[in-house]
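Summary of the model geometry
Given next are the chains, with one letter for each unit.
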Amino acid sequence: MKRLQNRVAESGLSLPVTAVGALCVWMAAGLFIHPLWLQLACFVLAVYLMVEMSNSNALLRIRSRMVSVSFMTLMCTISPLFGSLSSALTQVFVIISTLLLLSTYQDKSSPGRVFYAFLFVGLASITFVQMLLLLPLLWLLMATQLQSLSWRSFFASLLGTTLPYWLASPWLIFQRDISLLADHFSQLATFQVPSDYSSIAPGLWVAYALMVVLTAIGIVSFWHHSYEDKIRIRLLYGFFTWMSSVFLLLVVLQPSHFDPLIRLAIVFASPLTAHFLALTYTRITNIMFIVIAALAALVTIWNLISEWISPLF
């Protein structure tokens, strides 16, 4: 028996309807008032890349667009952050890098794709330098989950990550302003004590809490039903589990970087959430689906209203 949850998950209308809703959220967030067109372009590109990630890796056993639907829904809950172009670029770079990394599964003779994957990690580190601190985690996941780490791919990753800086250095030397590069890397040595959470709006923390709950439900649900998926899919979802958990933890440890970190957490939480919403069939999960949809809508409306009234105070 197909319930509402399953009809929505398998419907071809889910993606365009959600896209229209997301566009309405962007307009309500001030698309025509503030210069948000580049940010919207990044959002559209990110959605397309999430569709490609789901399709090329067969993340769901059924024909469903729930990965991209989950991504758009979660992004709409953090509408006050739509204005950050650097964070939007970081998110796009990380998705492209992830797409390339997933394509190296069990292929240790793919230094070319690894090079390009880490080239986008390097680009992401230009807009969010703390991405460089995640290199050991990426290497570990390449070795354990993707099973694609070799000496050749390791050195290819180093070359790819440093290439953007090699290309930028001559221009900085010509401009006689190496201090920009030094200041950029100096941020890596700065670890702020996570004491000031008040700088983040309450609505954004509610969105974060919703994401934590959805990620936890997705992880538990996937591993409870993991026997139904191929080994390859299990390992890919292991990759998503580690990445989403790390980014969600970093949000709490470094609230000053809330914007880029929550966006990256959404990238890896979306497949986990989609797997639960698309591939469970019980009455309880159908009720949970309705509750999740209602909560996401309420959080989105809350943050939009908060954004509208905040200039008045």
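Data block above holds the structure.
Scope of this entry: the structure provided in the associated data block.

Scoring rules and cut-offs
Residues numbered from 1 in each chain as written. Predicted model: local features only at pLDDT ≥ 70, side-chain atom pairs only at ≥ 80, totals over all residues. Heavy atoms only, no water. Phe/Tyr/Trp six-rings, centres within 6.5 Å; stacked < 30°, edge-to-face > 60°. Helix = DSSP H or I, 4+ residues; strand = E, 2+ residues; numbered from the N terminus. Buried < 20%, exposed > 50% of the residue type's maximum accessible area, 1.4 Å probe, protein only. 1 Å grid on protein atoms, 1.4 Å probe; cavity = no way out; pocket = protein on both sides within 12 Å on 5 of 7 lines; lining within 4 Å. Points joined across faces, edges and corners; volume = space filled by probe spheres on them. Nonpolar A, V, L, I, M, F, W, Y, C, P; charged D, E, K, R; others polar. Axes fitted to C-alpha atoms, helices over the stretch in contact; angles between N-to-C directions. Parallel < 35°, antiparallel > 145°, perpendicular 65-115°, else oblique. Left-handed = near helix turned anticlockwise from the far one by under 90°. Contact = heavy atoms within 4.5 Å. Core = buried A, V, L, I, M, F, W, Y, C linked by side-chain atoms within 4.5 Å.

Let us look at the packing of aromatic side chains. Tallied over the full model, the rule gives 19 aromatic pairs. With a centroid separation of 4.1 Å and 10° between ring planes, the pair formed by W26 and F82 is classed as stacked. Placement of W26 in helix α2 (residues 14-28) and of F82 in the loop between α4 (66-76) and α5 (85-102) is noted, with a sequence separation of 56 residues between them. Taken as a pair, W26 and F82 share a single burial class, namely buried. Both rings, one in F222 and one in W223, keep their centres 4.9 Å apart while their planes meet at 80°; by these two values the pair is edge-to-face. With a relative accessible area of 39%, W223 lands in the partly exposed category. Taken together, F222, W223, Y237, F239, F240, F247 and F268 form an aromatic cluster joined through their ring pairs.

Sizing a probe to match a water molecule and rolling it over the atoms shows the empty space that remains. In this structure the tally under the stated criterion is three cavities of 30 Å³ or more. The space that makes up the largest cavity amounts to roughly 60 Å³. Elements supplying a minimum of two residues to the lining of the largest cavity: α5 and α11 (231-253). The residue makeup of the lining of the largest cavity, split by class, is eight nonpolar, two polar and no charged. For the second largest cavity, the calculated volume is near 40 Å³. W26, Q39, C42, F43, M75, F82, A88, Q91 and R263 are the residues that line the second largest cavity. The element best represented in the lining of the second largest cavity is helix α3 (residues 37-57), accounting for three residues.

Below, the discussion takes up the layout of surface pockets. As a volume, the largest pocket reaches approximately 480 Å³. Listed by contribution, the elements that provide at least two residues to the lining of the largest pocket are α2, α4, α12 (258-279) and α13 (283-309). The class makeup of the residues in the lining of the largest pocket is 17 nonpolar, eight polar and no charged.

This part covers the packing of α5 against helix α6 (residues 111-127). Direction vectors running N to C along α5 and α6 enclose 165°, while the axes themselves pass 8 Å from each other. When the interaxial angle is binned, α5 and α6 end up roughly antiparallel. The crossing of α5 and α6 is left-handed. Two secondary-structure elements touch here, α5 through S86, L89, T90, F93, V94, I96, S97, L100 and L101 and α6 through R113, Y116, A117, F118, F120, V121, L123, A124 and T127. In the contact of α5 with α6, the residues fall into 13 nonpolar, four polar and one charged.

So, about the side chain of T18. One can find T18 in helix α2. Discounting residues that sit within four places of it in the chain, T18 has contacts with V69, M72 and T73.

The biggest cluster of nonpolar side chains holds 98 residues, and the ones touching the most others in it are F43, F71, F118, M131, F239, F240 and F247. By residue number, the principal contributor to this core is α12, which donates 15 residues.

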